[in-house]
Amino acid sequence: MTSNPHLSREEFDALFETVRTWGRWTPADRGAWNRVTPEHVRRATALVRSGITVPMALPWNTVPGPDNARPALHHMSDLGDVEPPEPSCHKDFIAVDYHGKGVSHLDALSHIAYRGQLYDGRTAREVVDASGAHFGAVSSLGPLVTRGVLIDLPVVLGTDWLEPGTAVHAEDVLAAEKALGVTFGEGDAVLLRSGHFRRRAELGPWNPDEASAGFHVDAVPLLAERGISLLGGDGDSDVRPSPVEGLHSPVHALAITAMGVPLLDNLDLEPLSSACTAEGRYEFLLVVAPLNVPTGTGSPVNPVAVL
């Protein structure tokens with residue numbers, strides 16, 4: 001699992017063509033979310049048994065650090081001394097540059113271009129400008145309700161976490177499915193737990209741009225073959241350092257740009273891991289409701305699992 005074999009750009013480009021789904025769906029800027037039908041939702045809701053709900057968002061992080069170079073903002077804008085008497089109001093302001101390592105967020109299809117193109121072959125410079133994204137915006141996605149599957153590798157391996165830089169390959173995913181008694185398929189959301197935030201809590205923060213556990217690109221054909229609708233984890237899905245020369249986020253490019261699969265980054269999966277272990281199952285109803293931001297490239301989000 002720890003090996004991280006390198007690929008040339010030519011090998012990566014061939015893989016990109018293999019998993020590409022351009023021209024498959026209408027509307028195109030919902031990408032793989034088009035796979036989730038009312039029947040998928042109905043089957044997913046049938047997974048609810050105990051009624052336990054598990055949120056996955058990190059706390060709003062206003063503290064700078066090696067993994068939070070652009071801290072979120074939060075301050076009070078009204079302390080109850082502005083309005084006429086009774087009732088007094090307390091108000092606050094929040095803002096965030098969320099594409100990074102410190103905020104749980106969703107990447108929409110406008111977030112990543114490869115060789116100047118977004119998903120479905122749209123030219124990035126023609127549809128993304130200073131006013132935002134005019135194709136693949138997060139507002140085009142809407143809420144997602146589907147079956148979620150947790151690939152909990154530390155549980156499988158009997159360890160607390162995967163060390164940063166650990167590459168997860170297709171064979172590791174298949175072995176995890178067998179060990180956990182779960183198989184993901186068409187329309188499912190796949191979440192990879194590496195134990196990132198348990199390690200951070202015990203050893204302190206580090207810069208995940210330099211080293212983080214995540215998928216090697218050779219795991220992507222399996223995800224594509226199964227027809228997933230969403231990919232996420234407690235990192236940003238990419239193993240770092242990148243195994244592809246000249247590409248800092250190859251899994252982002254394959255998932256978002258080639259496959260039309262949005263990503264969930266920086267989820268706190270520790271409570272979900274505990275809940276799944278206690279329940280003895282690693283599938284659940286997943287609800288993801290991004291903010292409705294016209295022309296937004298993504299959104300802060302608090303996904304919720306219901307077991």
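Going by the structure above, here's the rest.
Reference entry: report on the structure contained in this document. Model, not experiment: these values are computed from the prediction.

A closer look at the pairing of strand S11 (residues 230-233)
The alternating pattern of S11 places Leu230 and Gly232 on one face and Leu231 and Gly233 on the opposite face, and all of these are buried. Bridge count between S11 and strand S12 (residues 263-265): 2 bridges; the pairing is parallel. From the neighbouring strand, Gly232 faces S12, where its bridge partner is Leu264. Between the parallel pair S11 and S12, the chain is carried across by helix H8 (residues 250-258), and the sense of this crossover is right-handed.

Some thoughts on the pattern of salt bridges
Within this structure, the stated rule accounts for 22 salt bridges. Of the charged contacts in the structure, one is a salt bridge between Arg193 and Glu270, with a shortest N-O distance of 2.8 Å. You can see Arg193 sitting in strand S9 (residues 189-193) and its partner Glu270 sitting in helix H9 (residues 270-279), a full 77 residues away along the chain. No difference in accessibility class separates Arg193 from Glu270, as the two residues are buried. Via salt bridges that share partners, Lys101, Asp209, Asp236 and Arg240 belong to a single interconnected network.

Some points on the packing of helix H1 (residues 9-19) against H8
Angle between the axes and distance between the axes: these two values describe a pair of packed helices. Two elements in contact, H1 and H8, have axes whose closest approach is 9 Å; the angle formed by their N-to-C orientations is 30°. As far as their axial angle goes, H8 and H1 are roughly parallel. Crossing hand, H1 versus H8: right-handed. In this structure, H1 uses Phe12, Leu15, Phe16 and Val19 to contact H8, whose residues at the interface are Pro250, Ala253, Leu254, Thr257 and Ala258. Classifying every residue of the contact of H1 with H8 gives 8 nonpolar, 1 polar and no charged.

Thoughts on the nonpolar core
Grouped burial of nonpolar side chains is what soluble globular proteins tend to show. Counting residues in each nonpolar core, the largest one holds 70 residues, and the members touching the most others are Leu272 and Phe284. It is H8 that provides the largest number of residues to this core, a total of 6 residues. Membership of the second largest hydrophobic core comes to 5 residues, among which are Ala28, Leu118, Ala124 and Phe135.

A short note on the sheet that holds strand S14 (residues 298-300)
With mixed pairing, the 9 strands of this open sheet are ordered in space as S1-S15-S13-S7-S9-S11-S12-S4-S14. Across the chains shown, the open sheet's two edge strands, defined by having one partner strand only, are strand S1 (53-55) and S14. Sheet twist, expressed as the average angle between the axes of neighbouring strands with direction ignored, equals 25°. For strand S13 (residues 283-288) and strand S15 (residues 304-306), the ladder comprises 3 bridges, and the chain directions are antiparallel. The residue of S15 that forms the bridge with Leu285 is Val306. Most of the contacts of H9 go to strand S7 (residues 144-152), to which it runs at about 80°, and overall it touches S1, S7, S9, S13 and S15.

What counts as what
Residues numbered from 1 in each chain as written. Predicted model: local features only at pLDDT ≥ 70, side-chain atom pairs only at ≥ 80, totals over all residues. Heavy atoms only, no water. Buried < 20%, exposed > 50% of the residue type's maximum accessible area, 1.4 Å probe, protein only. Helix = DSSP H or I, 4+ residues; strand = E, 2+ residues; numbered from the N terminus. Pairing = 2+ DSSP bridges. Right-handed = clockwise from strand over helix to strand, strands pointing away. Salt bridge = Lys/Arg side-chain N within 4 Å of Asp/Glu carboxyl O. Axes fitted to C-alpha atoms, helices over the stretch in contact; angles between N-to-C directions. Parallel < 35°, antiparallel > 145°, perpendicular 65-115°, else oblique. Left-handed = near helix turned anticlockwise from the far one by under 90°. Contact = heavy atoms within 4.5 Å. Nonpolar A, V, L, I, M, F, W, Y, C, P; charged D, E, K, R; others polar. Core = buried A, V, L, I, M, F, W, Y, C linked by side-chain atoms within 4.5 Å.

Purely spatial values, then, with no claim about function.
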